[in-house]
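Spelled out from the first residue to the last, the chains are:
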Amino acid sequence: METVSTIHVISVSGGKDSLATLLIAIARCGLANVVAIFCDTGNEHDDTYAYLDYLEGVLGIKIVRLKADFTEQVLAKRQFIARDMRTRREYDTRLVFEADGVTPVPKRDGRGVIVLNKKGKPVQKTVKVGGGRRVRWSNKAKRRALSVMFPTGNPFLDLCMWKGRFPSRKAQFCTEELKRNMAVGFQMELMDAGHNVVSWQGVRRDESENRRDAKKIERVGRGLWIFRPIVEWSAAQVFELAASRGIRPNPLYLQGMGRVGCLPCINCSKPELRQIAARFPEHPARIAEWERIVGMCSKRGYSTFMTDAHPAKDRRVIFMALNIEARVEWSKTTRGGKQFNLLDEVENDGEAGCSSSYGLCDQGETA
């Protein structure tokens, strides 16, 4: 009887948690049974790419680079925009109440029957407000988008051009499209070839509220398991494991970064954005160029890398308030975003040195 082999796939990001997970996997399963993968978002720091090369050399392992390709999607979107001749309009709506201004007016269908929702309760009537907005792309918007909408080969930028916007906290499609789908696709190919797959993930419960209930091991389906060996670990334990094996941390941790991967991330903190702008000004400059390109690919004419609620309706006002250059200036202010931090100059005196939030300076110098 033929024995089905098991392949252990470790997702490596260049960060501390995935490194610890990789070290544990190698120790338990052996190099021959471990496959390390790196999902390249196209929004990484050069130090991370160099660090992956370093890990390959010091661990004697090949890290498979995976990169999403949105060429077909971008070209299809380009063709759709060019051919868009829709005549439908979108309207804002308001709820309708009885004369007392309190009692809701129920919605009725064409036969006068009250429409009920899934819970069996009446749906409130709404009416259109204003003249509405054309659904189709205007000729001006078409010319603007078609002048720049060409595949670039950068996964992050091409994804945003295709979507016509940047990801947000509520629509974080970057993680799904650039990382999760690529890793799952790789694992499915192994399963289709007849292997069982254990997907090792460097997830810790104390990272965030969303990961408080992360399971250590779970069966996803036939031939596929997820294993999270460090769910109960602290950040200190993760760094201690690497140090005990003589593995130095990603140098970004010594330069004020609390995490590596996308740099900057759409969810990066105010202090982290300030550090990025001070140490790596070329990255905000790159994001500013991406905002210009993605904005041209958006029907509304603008898009900002970091989103936030804004009371204005004028797109120019919103963009001026939320674009990456404005957010960098905001990151330099104290709480409330109105007054600049007078201690910035003192804090930035050490920009060229170590400012690790994990206390890694001594380790970084000796590793």
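Thresholds, definitions, all that
- Residues numbered from 1 in each chain as written.
- Predicted model: local features only at pLDDT ≥ 70, side-chain atom pairs only at ≥ 80, totals over all residues.
- Heavy atoms only, no water.
- Pairing = 2+ DSSP bridges.
- Helix = DSSP H or I, 4+ residues; strand = E, 2+ residues; numbered from the N terminus.
- Axes fitted to C-alpha atoms, helices over the stretch in contact; angles between N-to-C directions.
- Contact = heavy atoms within 4.5 Å.
- Core = buried A, V, L, I, M, F, W, Y, C linked by side-chain atoms within 4.5 Å.
- Buried < 20%, exposed > 50% of the residue type's maximum accessible area, 1.4 Å probe, protein only.
- 1 Å grid on protein atoms, 1.4 Å probe; cavity = no way out; pocket = protein on both sides within 12 Å on 5 of 7 lines; lining within 4 Å.
- Points joined across faces, edges and corners; volume = space filled by probe spheres on them.
- Nonpolar A, V, L, I, M, F, W, Y, C, P; charged D, E, K, R; others polar.
- Right-handed = clockwise from strand over helix to strand, strands pointing away.

- As annotated in an unreviewed UniProt entry, the chain carries the name Phosphoadenosine phosphosulfate reductase and is attributed to Rhodoferax koreensis.

## A short note on the sheet that holds strand β3 (residues 63–67)
- Strand order in this open sheet of six strands is β3-β2-β1-β6-β8-β7, and the pairing throughout is mixed. Pairing within the sheet leaves two strands with one partner each, and these edge strands are β3 and β7 (217–221). Pairwise comparison of adjacent strand axes, ignoring direction, gives a mean angle of 30 degrees for this sheet.
- Contacts from helix α2 (residues 46–59) reach β2 (34–40) and β3 within the one sheet, and its direction differs from that of β3 by about 150 degrees.

## Comments concerning the nonpolar core
- Phe156, Phe166, Leu178, Phe305 and Ile324 are the most contacted members of the largest nonpolar core, which totals 33 residues.
- Elements represented by at least two residues in this core include exactly α3 (71–83), α4 (139–146), α5 (155–163), α6 (173–192), α8 (270–279), α9 (282–296) and α11 (324–331).
- Excluding residues that lie within four positions of it along the chain, Ile324 makes contacts with Leu273, Pro284, Ile287, Ala288, Glu291, Phe305 and Met306.
- Core analysis: the next-biggest nonpolar cluster, separate from the first, contains 27 residues, Val12, Val34, Ile63 and Ile247 among them.

## A word on the layout of surface pockets
- Counted as a void, the second largest pocket has a volume near 270 Å³.
- The wall of the second largest pocket is formed by 13 residues, among which Arg300, Tyr302, Thr304, Ile318 and Leu322 lie closest to the centre.
- Residue composition of the lining of the second largest pocket, grouped by class: three nonpolar, five polar and five charged.

## Some thoughts on the environment of His45
- Tracing the chain through its elements places His45 in the loop between β2 and α2.
- When its relative accessible area of 6% is taken as the criterion, His45 is described as buried.
- Through-space distance from the C-alpha of His45 to that of Pro264 is 8.8 Å; in sequence the pair is 219 residues apart.
- Not counting chain neighbours up to four residues away, the residues in contact with His45 comprise Leu252, Gly261, Leu263, Phe280 and His283.

## Section: the pairing of β2
- Counting buried positions along β2 gives six out of seven residues, so the element sits mostly inside the fold.
- Crossover strand β1 (residues 6–11) to β2 through helix α1 (residues 16–29) is right-handed.
- Pairing of β2 with β3, which is carried by five bridges, proceeds in the parallel orientation. In the sheet register, Ile37 faces β3, and the bridge partner there is Val64.

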